[in-house]
Amino acid sequence: MADKVLALAGGVGGAKLALGLARILEPDELIIAVNTGDDDCFHGLNVSPDLDTVMYTLAGLANPETGWGLAGDTFQALEMLRRYGANTWFNLGDRDLATHIRRTQLLREGANLSQATAQLCRSLGVRHQVVPMSDDPVSTVLTTSLGELPMQQYFVQHKSEPKVTAVHYRGAEQALPAPALAQALSDADVVVLCPSNPILSLGPMLAIPGIRQGLLNAAGHTVVVSPLVGGAALRGPAAKLMGELGHQISSLGVARMYLGLCDIFVIDHQDAALAAEIDALGMRAVAESIIMNTEDDKIALARRVLDLGGW
Ligand code: GDP
Ligand code: CA
């Protein structure tokens, strides 16, 4: 069996580094396990936003402007649903809808989410293995000033505005890692935690006991890339949520969330002054350029991460 790299990813930040890794590694050398705590049901369809972001990115179909959905998609079906009085705050493009229709159909026919994802990926020409964190349902629910909100309601409908006092990962305690992820956790030579939202993307994964335990036991090096640069998120509510939940809003605060799980913590050059405090947590801090705008940036960071992991 080939040596393996296991990457854990959420949506946009995760997909950027996953793409870099996929440009370097052969399909049998990389497995990408993706957060499903954001999954929800819209218009009777099973939607897995982070899996789709990773799948569309690797397929070269992602919309670079939004970070979600398909490039060049149109929204006529959604407009028609709106005329019918349906709730249409969650954007679903016409071609994107086909993904959710097909996924829902496969699940109804008895496939699990790992199998449905593999089929969708194969059809889109994605050659690297993409798996959900679990085939069991887990949903991220935020306790907010507007009450309990599932992740997509908080993030999309309410634009991450309500103040958050707690986050729960419903179902995580009972969920098992997807079989391919469980295997990779025991086999991987390098584990990469992509620069995803620590609370909304990697949080649900680490709340699954089999994943946390697998990372604690991982034989290979675990390399984490910070999603924060200069005390701010590059996009999304990571910094806001960290502050509201009592974490220090910096790469040091992120590093503390991966205590015991991380060997090498990659921060931006801008944050080099935090390195000594991160080292003191029992990890090795390494300063790099971690802002990935171009494909070359993604490949360069992925190459550095693999070097650091001893690949
Ligand atoms: P989501 O599910 O779409 O929110 O995606 P993720 O959780 O995977 O990624 C969101 C995180 O990615 C945010 O906290 C961003 O700060 C981070 N991010 C986005 N682009 C970059 C980048 O180029 N470099 C790094 N280091 N982090 C990034
Ligand atoms: Ca997400």
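Each remark here, short or long, concerns the structure printed above.
Going along each chain's sequence as written, the residues are numbered from 1 onward. Each chain is given a letter, starting from A, and each ligand a number, starting from 1, according to the order in which they appear as written. Totals for whole chains, interfaces and linings use every residue, but because this is a predicted model, local features are given only for residues with pLDDT of at least 70 and side-chain atom pairs only at 80 or more, for both listing and counting. As a rule here, side-chain values come from all non-hydrogen atoms in the structure, and water together with hydrogens is ignored.

1. What to know about the packing of aromatic side chains
- Note on aromatic pairs: the rings of Phe, Tyr and Trp (six-membered ring only in Trp) are paired at centre separations within 6.5 Å, and the planes decide the class, stacked below 30 degrees, edge-to-face beyond 60, tilted for the rest. Summed over all chains, the structure comprises three aromatic pairs.
- Here F42 and W89 contribute two aromatic rings whose centre-to-centre distance is 5.5 Å and whose plane-to-plane angle is 85°, an arrangement assigned as edge-to-face. One end of the pair, F42, is in strand 3 (residues 40–42); the other, W89, is in the loop between helix 3 (76–83) and helix 4 (94–108), with 47 residues separating them in the sequence.
- Residue classification places F42 among the buried positions, given a relative accessible area of 9%. Only runs of H or I of at least four residues qualify as helices and only runs of E of at least two qualify as strands under DSSP, and these elements are numbered from the N terminus. A simple rule labels every residue: compare its accessible area, found with a 1.4 Å probe on the protein chains alone, to the largest value its type can have, and call it buried under 20%, exposed over 50%, or partly exposed in between.

2. What about the side chain of S134?
- Note that S134 resides in the loop between strand 5 (129–132) and strand 6 (139–144).
- Definition of a polar contact: a pair of N or O atoms within 3.5 Å, with one able to donate and the other able to accept a hydrogen when the atoms are protein atoms, and with sequence-neighbouring residues admitted only if both atoms are side-chain atoms. Only 2.6 Å separates the side chain of S134 from the backbone oxygen of L176, close enough to count as a polar contact.
- The contact criterion used is simple: two residues touch if any of their non-hydrogen atoms lie within 4.5 Å. Aside from chain neighbours lying at most four places away, what touches S134 is T36, L113, A175, L176, P177, A178 and I208.

3. Points about the environment of A18
- Among the secondary structure elements, A18 is positioned in helix 1 (residues 12–24).
- Owing to a relative accessible area of 0%, A18 belongs among the buried residues under this scheme.
- When sequence neighbours within four positions are dropped, the list of residues in contact with A18 reads L30, I32, L58 and C194.

4. Quick notes on the coordination of the calcium ion (ligand 2)
- Here a donor is an N, O or S atom found within 2.8 Å of the metal, or within 3.2 Å if the metal is Na, K or Ca; sites may look incomplete because water is not among the atoms. Within the protein, the atoms that donate to the calcium ion (ligand 2) are D38 (OD), D50 (OD) and D50 (OD), at distances of 2.1 to 2.7 Å. One end of the pair, D38, is in the loop between strand 2 (30–34) and strand 3; the other, D50, is in helix 2 (residues 49–58), with 12 residues separating them in the sequence. We note that D38, like D50, is buried.

5. Overview of the site of ligand 1
- Near ligand 1 lie 20 residues; those nearest to it are S196, S201, P227, I290 and M292.
- D50 has a polar side-chain atom sitting 3.1 Å from an oxygen atom of ligand 1.
- It is helix 1 that provides the largest number of residues to the shell around ligand 1, a total of four residues.
- Residues that form the shell around ligand 1 fall into these classes: nine nonpolar, eight polar and three charged. Each residue is tested against the molecule or strand, and it is near if at least one of its non-hydrogen atoms lies within 4 Å. Just so you know the grouping, Ala, Val, Leu, Ile, Met, Phe, Trp, Tyr, Cys and Pro go in nonpolar, Asp, Glu, Lys and Arg go in charged, and all remaining residues, Gly too, go in polar.

6. What about the sheet that holds strand 14 (residues 284–288)?
- The pairing criterion is simple: DSSP has to find at least two bridges between the two strands. Spatially, the seven strands line up as an open sheet ordered 5-2-1-9-10-13-14, and their pairing is parallel. Whereas interior strands pair on both sides, the edge strands pair on one side only; in this sheet they are strand 5 and strand 14. Along the sheet, successive strands turn relative to each other by an average axial angle of 20°, direction set aside.
- Pairing of strand 1 (residues 5–9) with strand 9 (residues 190–193), which is carried by four bridges, proceeds in the parallel orientation. Bridge pairing links L6 to V191 in strand 9. Axis geometry follows a simple rule: fit a line to the C-alpha atoms, using only the stretch in contact for helices, then measure angles between N-to-C directions, giving values from 0 to 180 degrees.

7. Here's the deal with the sheet that holds strand 6
- With respect to topology, three strands assemble into an open sheet ordered 7-6-8, the strand pairing being antiparallel. Taken across any chain shown, the strands that pair with only one partner, and hence form the sheet edges, are strand 7 (147–150) and strand 8 (164–170). Put simply, the sheet's adjacent strands are angled 25° from each other on average, direction ignored.
- The sheet contact formed by strand 6 and strand 7 spans four bridges and is antiparallel. Opposite T144, over in strand 7, you have G147 as the bridge partner.

8. With respect to helix 5 (residues 113–123)
- Of the residues making up helix 5, those classed as buried are L113, S114, A116, T117, L120 and C121. The arc enclosing the buried residues of helix 5, seen along the axis, measures out at 165°, which places them on a common side. Structural note: helix 5 exposes R122 and S123 on the side pointing more than 90 degrees away from its buried face.
- The inward-facing, buried residues of helix 5 contact helix 2, helix 4, strand 5 and helix 7 (179–187).
- With its phi angle positive at about 80°, G125 sits one or two positions after the end of helix 5. Of all possible arcs, the one meant is that of the directions from the helix axis to the C-beta atoms.

9. What about unusual backbone geometry?
- One non-glycine residue, H43, adopts positive backbone phi at about 55°.
- As for its placement among the helices and strands, H43 is situated in the loop between strand 3 and strand 4 (45–47).
- H43 sits in the partly exposed class, given a relative accessible area of 31%.

10. Observations regarding the packing of helix 1 against helix 13 (residues 295–308)
- Where helix 1 meets helix 13, the axes come as close as 7 Å, and the angle between the chain directions of the two elements is 75°. With respect to their mutual orientation, helix 1 and helix 13 come out roughly perpendicular. Residues K16, L17, L19, G20, L21, R23 and I24 of helix 1 form the contact with helix 13, whose own contacting residues are E295, K298, I299, L301, A302, R303 and L306.
- Across the contact of helix 1 with helix 13, the residue classes break down as eight nonpolar, one polar and five charged. Should an angle lie under 35 degrees it is considered roughly parallel, over 145 roughly antiparallel, and from 65 to 115 roughly perpendicular; all remaining angles are considered oblique.

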